[in-house]
Amino acid sequence: MQSSQLSFSVSPSSGVPIYRQIIDQVNALVVSGRLKPGDALPSIRKLAESLEVNMMTISKAYTRLEMDGILTRVRGVGMAVAEPDIPTSASVKERQAELRPLIEQAVLRGLQLNLSNPQIIAVVESILRENRNE
Amino acid sequence: MNSPEVRIEVSKLCKSFAKQAVLCDVDWTIAAGSVVGLLGTNGSGKTTLIQCLLGLLKADSGLVMIDGENAWDLTARTKARIGYVDQRPKFYPWMNGSDLLQYVGAMYPNWNSALCAEYAKQWDVPLFKPFGKLSPGEQQKIAILTALGNEPDLLILDEPVSSLDPLARRAFLRSLLEIARDENRTILFSTHITSDVERVATHVAFLHDGRIQWFDELDVTKERIRRLRFRSKNNFPASFTIPGALHIQIDGSLVVASVAATSEADIEAVCARYDAAVEVEELNLEEIFLELHHVDA
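Residues numbered from 1 in each chain as written. Chains lettered and ligands numbered in written order. Predicted model: local features only at pLDDT ≥ 70, side-chain atom pairs only at ≥ 80, totals over all residues.

A.B. asks: What exactly am I supposed to notice about the interface of chain B and chain A here?
C.D. replies: How big an interface is tends to be expressed through the accessible area that disappears when the partners come together. Taken together, the 19 residues of chain B in the interface contact 14 residues of chain A. If you list the elements that add at least two residues to the side of chain B that touches chain A, you get helix 6 (166–180), helix 7 (194–200), helix 8 (218–224) and strand 14 (276–282) of chain B. (Contact = placed C-beta atoms within 7 Å. Helix = DSSP H or I, 4+ residues; strand = E, 2+ residues; numbered from the N terminus.)

This is the structure in structure tokens:
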């Protein structure tokens, strides 16, 4: 996919820092396969201009994504999606354990909102459908 | 920014007006390349602080250093590297914008008229009407132009967007982002519009009770100042406390605490002690502003 077709959007007045909103969006694009290994990301300057935010914010997001192994610096291209480095060495159990605290927060909130078990699970399933591109 | 050069150093700055203390022992260091949003309530002393930083007001005690020079006694060379916009710009009312820019530009060794013309076009500034006949917003735009023409290394703006309509504000913020792209440039702007700070600033400072109450990177600020909701099966005691608390509200088995820089370990300790579950709520800058001033949103 051409980087020009990627649409990022940030909400500066959110409690979530802008650089983390960008990290989340890149992660989502990669996980869903809309961004594939080798695909180029918009340049820092371009993205900062189009989102009307400070360049340092974009630079910080890209640097973190690079440290996480999601992006890689390619000469002449800039930032591109890295080859997936799925922690296959970790067992399913270990990977589930990593996921658990994140889901726990969401489930607790669901209980507070008085949602039933199937209703909570339906939300998870719809998120999976949206992001697995199925 | 990793530049070791320190741009502004404030130490033990005090300023009173008619025995009323406005600034008390302000200590503050702004590194080169930062874009700092200065927030504070009306009358908190933002303008006084800015004018002391620039040597426009004499401090009662304490010291402000700009690039190693005492702010009260800046050399012409350093003054030429500074741009400043007053909250209420005052110029000769009979002069039009075009003449005014020429007049101000003549005082600087380096003046970029082409840049001024470019911004004037971008912001739709009427350059051929007498300054006194312009609306406050138009006057403010011209004042900003006079502060940018010398392409300053240090740009200080006191409520630069207070008179601008949303369209003009966005256009100005876009330009400010462009200006901030030069990493050696330091920008300080005061405002009460928190969303402007969120878009542009790298750092945020809160002036409260005559002091810099909080100063940190914007992202770090958002990550450190948070609201925690603890829920337990039992009622919380009135003595409930947590390290870093700004404000605690106890309501039976529910505690809502706004905290600054509280560690995860401290949060876990509270959960364990009261057999409670915690929900962490991230706050935007406006909510952080309210929490730092102990105002219930």
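The structure having been displayed, the exposition proceeds.
A.B. asks: Help me understand the packing of helix 3 (residues 97–105) of chain B against helix 5 (residues 136–148) of chain B, please; the structure alone is not making it clear to me.
C.D. replies: For any two helices packed against each other, the geometry comes down to the angle between their axes and how far apart the axes lie. Residues and elements named next belong to chain B. Interaxial distance between helix 3 and helix 5 falls to 10 Å at its minimum, and their mutual angle equals 25 degrees. It follows from the interaxial angle that helix 3 and helix 5 lie roughly parallel. Every pair of crossing elements has a handedness; the one defined by helix 3 and helix 5 is right-handed. Together, Gly 97, Leu 100, Leu 101 and Val 104 of helix 3 and Ile 142, Leu 145 and Thr 146 of helix 5 make up the contact between the two elements. (Axes fitted to C-alpha atoms, helices over the stretch in contact; angles between N-to-C directions. Parallel < 35°, antiparallel > 145°, perpendicular 65-115°, else oblique. Left-handed = near helix turned anticlockwise from the far one by under 90°.)

A.B. asks: Which parts of the structure should I look at to understand the sheet that holds strand 11 (residues 225–232) of chain B?
C.D. replies: Sheets are built from strands that pair by backbone hydrogen bonding, the pairs being arranged parallel or antiparallel. Residues and elements named next belong to chain B. Reading across from one edge, 12-13-11-14 is the order of the four strands in this open sheet, with antiparallel pairing throughout. On the outer flanks of this sheet lie strand 12 (245–251) and strand 14, each paired with one strand and no other. Pairs of neighbouring strands in the sheet enclose a mean axial angle of 15 degrees, with direction left out of account. Bridging between strand 12 and strand 13 (residues 254–260) involves six bridges; their strand directions are antiparallel. Opposite Ala 245, over in strand 13, you have Val 259 as the bridge partner. Its contacts with the sheet put helix 9 (residues 264–274) on strand 11 and strand 14, and the angle it makes with strand 14 is roughly 150 degrees. (Pairing = 2+ DSSP bridges.)

A.B. asks: Is there a simple way to think about the nonpolar core in this case?
C.D. replies: Within soluble globular proteins, side chains that are nonpolar generally end up buried alongside one another. In this structure, Val 36, Leu 53, Val 64, Ile 156 and Ala 205 of chain B are the most contacted members of the largest nonpolar core, which totals 63 residues. Those residues within four positions of Ala 205 of chain B in sequence are excluded, and the remaining contacts are Val 36, Leu 38, Leu 39, Ile 212, Trp 214 and Phe 215 of chain B. (Core = buried A, V, L, I, M, F, W, Y, C linked by C-beta atoms within 7 Å. Buried ≥ 20, exposed ≤ 12 C-beta atoms within 10 Å, placed from the backbone.)

A.B. asks: When you look at unusual backbone geometry in this model, what are you seeing that I'm missing?
C.D. replies: What you tend to see is this: most non-glycine residues have negative phi, and most peptide bonds are trans. Residues and elements named next belong to chain B. The backbone phi angle of Lys 19 is positive, close to 70 degrees, even though this residue is not glycine. Along the chain, Lys 19 falls in the loop between strand 1 (6–17) and strand 2 (20–31). With 5 C-beta atoms packed within 10 Å, Lys 19 lands in the exposed category. Positive phi, close to 50 degrees, is recorded for Asp 67, a residue that is not glycine.

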